[in-house]
Amino acid sequence: MKKKLIALLCVTAVVMGMTACGSDSKENKEEAKGEEKKTIRLAAGDPMKEELINAIKGDFEKKGYKLEVSVIEDPIASNNAIEEGSLEANFIQHNAYMTSYNEEHKGDLVAVGDAIYYPCMGVYSNKVKDMKDLTEGMEIGIPRDPTNRSRALRFLEAEGLLKLKEGVEEYSQLEIEENKLNLKLTEVDSESIPTILDDLDAGICYPIAMKEAGFDPESALAFDPPEIGKEYGILIAVSEKNKDAQWAKDLQEAMSEEKANEIIMEYFGESAVHVSEY
Amino acid sequence: MNDPALVIKSVMMPALVESLYMTFWGTVFSCILGFGLAVILVVTAEDGLSPHKWVYRLLNVLVNTLRSFPFIILAVTIIPITRAVMGTSIGTNAALFPLVIVACPFVARVFEGNLKAVTPGMIEAAKAFGASNMQIIFKIMLKEAIPVMCISVTLVVISILGSSSMAGALGAGGLGNVALIYGYQSFNDLIMYGTVFILVVLVQTIQSIGNLLYNKLK
């Protein structure tokens, strides 16, 4: 008898919990349908972006909104959240990534406007001082995630060190046709590259990773050229239906203010980032 | 998206070899070191053959502390040590260092349990016959515990296989890395679930071998 009572209590608790969850998301959906969106939920891709958003939060909220900022590091989860209605916008990705997400997940994400900033990708090294000093058989660390790996490989091609197959959208090491110096390209987590530079001859990563590891983001041997860089600007993404919403435009404006640009330039260093269209 | 056949041949097969390499050597080294730790723990315990309170306590704390670290956290925390010991902090060989450090405490605990489960009566009888501690440990306890230790080793192998899936973050490759990068991040379900399937087959095989050994040896 006692066992049956406990079992019944557990089942009741679970059912009540599930109903509560259900009604919660229903409330959000009702608010989402409303014409005047007041509470904007924005997910940043990392703490640095979160800081940037918080810096302009006051100016944005003056226009009558409430901004809820969170950090979601996984871009797939972050994009899925917009698609399912748990977020209004995110600030995490560049156009190349967003496009590939839309293709594979039948998503409808669009950028509100131009990218907020364009981080350059740099070749950093603790062992060589110049790109010309890269010699036969050296080991270069590159990001292992698909979009940034592709950018690193295109960067190496632009520096004349690799030749890649033509007409490919996203490059991996399988599309390398020629590796003039027989460089060993080791794929690692791009955030780890600054810490392991002593184990490599050079590493290709973003200035933000160098900065967060305590190194100088502007100390690159080279940055990738604007022709490549302009595709990788970090933008504010929203669902297609909100593209022309007033709040979206206001958010874009707040993030493009001079104050925001100054923060970005100070954080990365002027040579490592672009804040306006190339 | 990459052509699946090419990915299977050029990425998954090498990754399978990397995973097996890390799992095999990780198991060998952690079992040797872990067994040593387990013997010390069993012997110096209060009810052991040669109680030494402080040695036991210290070792206990060490084992518990190391067990608390998730593999990838430990791996990045000890990068300078790995570099000093292995010469580099990236690649399959370098990954063995944190893998073994994380697995040792786990091995020590399971082997400790196996050794302690040997019937106290047998140990008492051996003592009565005038057996030395070394003889008791290796001829009685180890011999009796070997069948269950096979089951334990099976657990260890599968656990190390799991830890090694994170080793890709530091350039060690492996199947976990393939599933994450070429599967999930490249939006390729075929590769992601295909890799999972290979892992399921591997684990099943390892478990079956363990069970077979247990039945043959008991």
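Residues numbered from 1 in each chain as written. Chains lettered and ligands numbered in written order. Predicted model: local features only at pLDDT ≥ 70, side-chain atom pairs only at ≥ 80, totals over all residues. Heavy atoms only, no water.

Here we come to the interface of chain B and chain A. Contact with chain B, which involves 24 residues of that partner, is made by 26 residues of chain A. Buried area between chain B and chain A, summed over both chains or domains, comes out near 1900 Å², and the portion from carbon and sulfur atoms is 58%. A salt bridge links R83 of chain B to D198 of chain A; its shortest N-O distance comes to 3.7 Å. Here chain B is connected to chain A by 7 residue pairs in polar contact (both at pLDDT 80 or more). For the side of chain B that touches chain A, the secondary structure elements donating two or more residues are helix 1 (4-44), helix 4 (79-86) and helix 8 (175-184) of chain B. In terms of residue class, the side of chain B that touches chain A is built from 13 nonpolar, 10 polar and 1 charged. (Contact = heavy atoms within 4.5 Å. Buried area = accessible area lost by both parts, 1.4 Å probe. Salt bridge = Lys/Arg side-chain N within 4 Å of Asp/Glu carboxyl O. Polar contact = N/O pair within 3.5 Å; in protein donor to acceptor, adjacent residues only side chain to side chain. Helix = DSSP H or I, 4+ residues; strand = E, 2+ residues; numbered from the N terminus. Nonpolar A, V, L, I, M, F, W, Y, C, P; charged D, E, K, R; others polar.)

We now examine the side chain of N261 of chain A. Residues and elements named next belong to chain A. Assignment of secondary structure puts N261 in helix 9 (residues 258-268). With a relative accessible area of 13%, N261 lands in the buried category. Ignoring anything within four residues of it in the chain, the contact list for N261 reads S256 and V275. (Buried < 20%, exposed > 50% of the residue type's maximum accessible area, 1.4 Å probe, protein only.)

Residues and elements named next belong to chain A. The mixed open sheet is built from 5 strands, whose spatial order is 2-1-3-13-4. Single-partner strands in this sheet number two, and they are strand 2 (66-71) and strand 4 (109-111). On average, adjacent strands in this sheet sit at an angle of 35° to one another, irrespective of strand direction. Against the sheet, helix 4 (residues 95-105) touches strand 3 (89-94), strand 4 and strand 13 (234-239), its axis set at about 110° to strand 3. Contacts from helix 8 (residues 246-255) reach strand 1 (39-44), strand 3 and strand 13 within the one sheet, and its direction differs from that of strand 13 by about 170°. (Pairing = 2+ DSSP bridges. Axes fitted to C-alpha atoms, helices over the stretch in contact; angles between N-to-C directions.)

To describe a pair of aromatic rings, you give the distance between the ring centres and the angle between the ring planes. Throughout the structure, instances matching the rule amount to 10 aromatic pairs over all chains. Here the aromatic rings of Y97 of chain A and F187 of chain B are separated by 6.1 Å at their centres, their planes lie at 50°, and the arrangement is tilted. Of this pair, Y97 of chain A sits in helix 4 while F187 of chain B sits in the loop between helix 8 and helix 9 (189-217), each in a different chain. Here Y97 of chain A falls in the buried class, since its relative accessible area comes to 10%. Overall, F187 of chain B belongs to the buried group, its relative accessible area being 12%. Arranged with centres 5.4 Å apart and planes meeting at 40°, the rings of Y117 of chain A and F268 of chain A form a pair that is tilted. With Y117 of chain A in the loop between strand 4 and strand 5 (118-119) and F268 of chain A in helix 9, this pair connects stretches of sequence that are 151 residues apart. Of the two residues examined, Y117 of chain A and F268 of chain A, each falls in the buried class. Connected via pairs of aromatic rings, a cluster forms that spans F91, Y117, Y267 and F268 of chain A. The side chain of K211 of chain A reaches across the aromatic face of Y267 of chain A, ending 4.9 Å from its centre. In this structure, R57 of chain B is placed above the aromatic ring of W54 of chain B, and the distance from its NZ or CZ to the ring centre is 4.9 Å. (Phe/Tyr/Trp six-rings, centres within 6.5 Å; stacked < 30°, edge-to-face > 60°. Lys NZ or Arg CZ within 6 Å of the ring centre and 35° of its normal.)

Here the focus is the confidence of the model for chain B. Residue and element names in this part refer to chain B. Here chain B averages 90 in pLDDT, and 99% of its residues register 70 or above. Mean pLDDT in chain B bottoms out at helix 6 (residues 120-128), which sits at 86, and peaks at helix 5 (residues 92-116), which reaches 94. For this predicted complex, the interface confidence score (ipTM) comes to 0.70, while the overall pTM stands at 0.77. (pLDDT = per-residue confidence, 0-100.)

Right, let's talk about the nonpolar core for a bit. Ranked by internal contacts, the top residues of the largest apolar core, which has 55 residues, are F91, Y117, I204 and F268 of chain A. Residues I193 and L200 of chain A together with L49 and A103 of chain B belong to the second largest nonpolar core, which totals 49 residues. (Core = buried A, V, L, I, M, F, W, Y, C linked by side-chain atoms within 4.5 Å.)

Residues and elements named next belong to chain A. When strand 1 meets strand 2, the two strands line up parallel, connected through 6 bridges. Note that in strand 2 the partner of A44 across the bridge is V71. A crossover connection joins strand 1 to the parallel strand 2 through helix 2 (residues 47-61); in handedness this β-α-β unit is right-handed. (Right-handed = clockwise from strand over helix to strand, strands pointing away.)

Let's shift gears to the pattern of salt bridges. Residues and elements named next belong to chain A. For the coordinates displayed, the defined rule picks out 17 salt bridges over all chains. In this structure, D46 and K49 form a salt bridge, with 2.8 Å as the shortest nitrogen-oxygen distance. Neither residue differs from the other here; D46 and K49 are each classed as buried. Residues participating in the shared-partner salt-bridge network are D59, K62 and K259.

Our focus in this paragraph is the side chain of N102 of chain A. Residue and element names in this part refer to chain A. Along the polypeptide, N102 turns up in helix 4. Relative accessible area serves as the criterion here: at 17%, N102 is assigned to the buried category. Once you skip the residues sitting within four places of it in the chain, N102 turns out to touch E83, G107, D108 and L109.

As a further point, take the environment of A96 of chain A. Residues and elements named next belong to chain A. By the secondary structure assignment, A96 is in helix 4. Using a relative accessible area of 25% as the deciding quantity, one classes A96 as partly exposed. As for A96 and I234, which are separated by 138 residues in sequence, their C-alpha atoms are 9.9 Å apart. Apart from residues no more than four positions distant in its own chain, A96 is found in contact with T147, E231 and Y232.

Our next topic: helix 3 (residues 75-84) of chain A. In an α-helix, one turn spans 3.6 residues; hence positions three or four apart end up facing the same way. Residues and elements named next belong to chain A. Of the positions making up helix 3, those classed as buried are I76, S78, N79, A81 and I82. For helix 3, the N-terminal cap is D74; the gap from its side-chain oxygen to the backbone nitrogen of I76 is 3.1 Å. Trailing helix 3 by a residue or two, G85 shows a phi angle of about 95°, which is positive.

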